[in-house]
Amino acid sequence: MGFKLNHSVAQRQFKKRIGQANHFLITILIGLDEVSKGQVNKPDTLDVCWNPKDVKVSVARSRAYALNSTLAWIIDNFDSYVQNCKRKPCLIENKQLSEELDSADRRVNDKFKVLFSRYKSNEELKLFGALVALGIQWRNVTTHSEANNILDDEYEEILLDNKQWYNENFCHLDVDTALESFKTHKNPTLKETTSIIKAVLRFVEQIDTELLKEIQGERFLTELIEKHFSQGRKSKCLFLNLSKERQIAEVKNVLLNNGYIHSNDEEGFEVDETFVDRYIAKQNC
């Protein structure tokens, strides 16, 4: 039985960070709703000054802050996912793709464009991606003073041509309303923010799947093992002195802890004595 890479560590870390984002945001908004009713007082455990002149106005502004901050946070985490894909063990197998992402530097919109353009033949990825593109530009408008970002025609056309799909798959999201709010620099609503969160999650899942299809198995696995032993030379030396059977078991455990699953597919990667011998031959401990 071989092993197949089911998801990247980069995607697992990304999901761990934002998987509960909707829940956290809704919890904050429920708390603000109670504050707006005038039934909440500052607890003595908070050593801060809080005495708003108008509670309802303060709540409205705090609600906008929570939504805008969540939007900024989700886009920043997408940026971190792309950065992690480039770190060892590197998910970017294609040299041209790697160079294009490097050229994008720290510009999250350029990184997104590179990935979207390469994989947009994937219909689901394209649909999720158009909403992600809106989220990136909306984040820029709400975060940067005097920003006047526009949404590229390609993404807007996808959104407008598939309004019913977005309505059915994003809790009755109204594309026309969302686009109008973005263009007039209004803050996103709860529904629009949670829809963008979902779109980013699904887009990352689709990108991860596409990148894994291109992975050269032994190169990636070798980098993964090197990262596992990167905390010090001692652990690697101990591994080299284990019996062959225990070395194979150790490598299998590394795989299972880093996104691999058991697989009977022909594409499954075999971890056997031959692989371990090839790995050991490259080491100098």
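This text gives an overview of the structure that appears in the document. (Residues numbered from 1 in each chain as written. Predicted model: local features only at pLDDT ≥ 70, side-chain atom pairs only at ≥ 80, totals over all residues. Heavy atoms only, no water.)

Section: the overall build of the protein
Turning to step 1, where the next piece is worked out: For the protein, the helix and strand inventory stands at 14 helices and two strands.
Turning to step 2, where the next piece is worked out: For the protein, buried positions account for 43% of its 285 residues.
Turning to step 3, where the next piece is worked out: Across the protein, the fraction of contacts at a sequence separation of at least 24, relative to all contacts at a separation of at least 6, is 76%.
Turning to step 4, where the next piece is worked out: Total accessible area on the protein stands at roughly 16200 Å², and carbon and sulfur atoms take up 47% of it.
Turning to step 5, where the next piece is worked out: Each charge class in the protein was averaged separately, 40 positive and 43 negative side chains, and the resulting centres sit 6 Å apart. (Helix = DSSP H or I, 4+ residues; strand = E, 2+ residues; numbered from the N terminus. Buried < 20%, exposed > 50% of the residue type's maximum accessible area, 1.4 Å probe, protein only. Contact = heavy atoms within 4.5 Å. Areas by Shrake-Rupley, 256 points an atom, 1.4 Å probe, with all protein chains shown as cover. Lys, Arg positive; Asp, Glu negative; His and termini not counted. Charge placed at Lys NZ, Arg CZ, Asp CG, Glu CD.)

Observations concerning the packing of aromatic side chains
Turning to step 1, where the next piece is worked out: For the structure shown, the criterion picks out 13 aromatic pairs.
Turning to step 2, where the next piece is worked out: Relative to F112, the ring of F78 has its centre 6.4 Å away and its plane inclined at 70°; by these criteria the two rings are edge-to-face. Here F78, found in helix α3 (residues 55-86), pairs with F112, found in helix α5 (residues 108-119); they are 34 residues apart in sequence, far enough to count as distant.
Turning to step 3, where the next piece is worked out: When the ring of W138 is compared with that of F182, the centres are 6.1 Å apart and the planes differ by 70°; the resulting orientation is edge-to-face. One end of the pair, W138, is in helix α6 (residues 123-143); the other, F182, is in helix α9 (residues 175-183), and 44 residues separate them in sequence. (Phe/Tyr/Trp six-rings, centres within 6.5 Å; stacked < 30°, edge-to-face > 60°.)

Regarding the packing of helix α1 (residues 9-18) against α3
Turning to step 1, where the next piece is worked out: Contact geometry for α1 and α3: axes closest at 9 Å, N-to-C directions at 165°. Relative to α3, α1 is oriented roughly antiparallel. In this structure, α1 crosses over α3, and the sense of that crossing is right-handed. In this structure, α1 uses A10, Q11, Q13, F14, R17 and I18 to contact α3, whose residues at the interface are W73, I74, N77, F78, Y81, N84 and C85.
Turning to step 2, where the next piece is worked out: Taken together, the residues of the contact of α1 with α3 break down into eight nonpolar, four polar and one charged. (Axes fitted to C-alpha atoms, helices over the stretch in contact; angles between N-to-C directions. Parallel < 35°, antiparallel > 145°, perpendicular 65-115°, else oblique. Left-handed = near helix turned anticlockwise from the far one by under 90°. Nonpolar A, V, L, I, M, F, W, Y, C, P; charged D, E, K, R; others polar.)

Some remarks on the side chain of T222
Turning to step 1, where the next piece is worked out: Topologically, T222 is positioned in helix α11 (residues 217-228).
Turning to step 2, where the next piece is worked out: Owing to a relative accessible area of 14%, T222 belongs among the buried residues under this scheme.
Turning to step 3, where the next piece is worked out: Of the polar contacts made by the side chain of T222, one reaches the backbone oxygen of E218; its length is 2.8 Å.
Turning to step 4, where the next piece is worked out: Sequence-distant contacts of T222, defined by excluding residues within four places in its chain, comprise F275, Y279 and K282. (Polar contact = N/O pair within 3.5 Å; in protein donor to acceptor, adjacent residues only side chain to side chain.)

Topic: the environment of V35
Turning to step 1, where the next piece is worked out: Checked against the element boundaries, V35 lands in helix α2 (residues 21-36).
Turning to step 2, where the next piece is worked out: Taking the C-alpha atoms as reference, V35 lies 7.2 Å from V59; in sequence the two are 24 residues apart.

Considering the packing of α5 against helix α10 (residues 190-213)
Turning to step 1, where the next piece is worked out: Following both chains from N to C, one finds α5 and α10 inclined at 65°, their axes separated by 11 Å at the closest point. The element α5 and its partner α10 pack so that their crossing is left-handed. Counting all contacts with α5, which are made through F112, L115, F116 and Y119, the residues of α10 involved are F203, I207, E210 and L211.

Here we look at the pattern of salt bridges
Turning to step 1, where the next piece is worked out: Overall, the coordinates contain 18 salt bridges when judged by the stated rule.
Turning to step 2, where the next piece is worked out: Here R139 and D76 are joined by a salt bridge, their closest N and O atoms 3.0 Å apart. Pair noted here: R139 is in helix α6 and D76 is in helix α3, with a separation of 63 residues, a long-range link.
Turning to step 3, where the next piece is worked out: The buried category is assigned to R139, whose relative accessible area is 10%.
Turning to step 4, where the next piece is worked out: Residue classification places D76 among the partly exposed positions, given a relative accessible area of 41%.
Turning to step 5, where the next piece is worked out: Linking D176 and K163 is a salt bridge whose minimum nitrogen-to-oxygen distance equals 3.1 Å. Pair noted here: D176 is in helix α9 and K163 is in helix α8 (residues 163-169), with a separation of 13 residues, a long-range link. (Salt bridge = Lys/Arg side-chain N within 4 Å of Asp/Glu carboxyl O.)

Function cannot be inferred from these measures alone, as they are strictly geometric.
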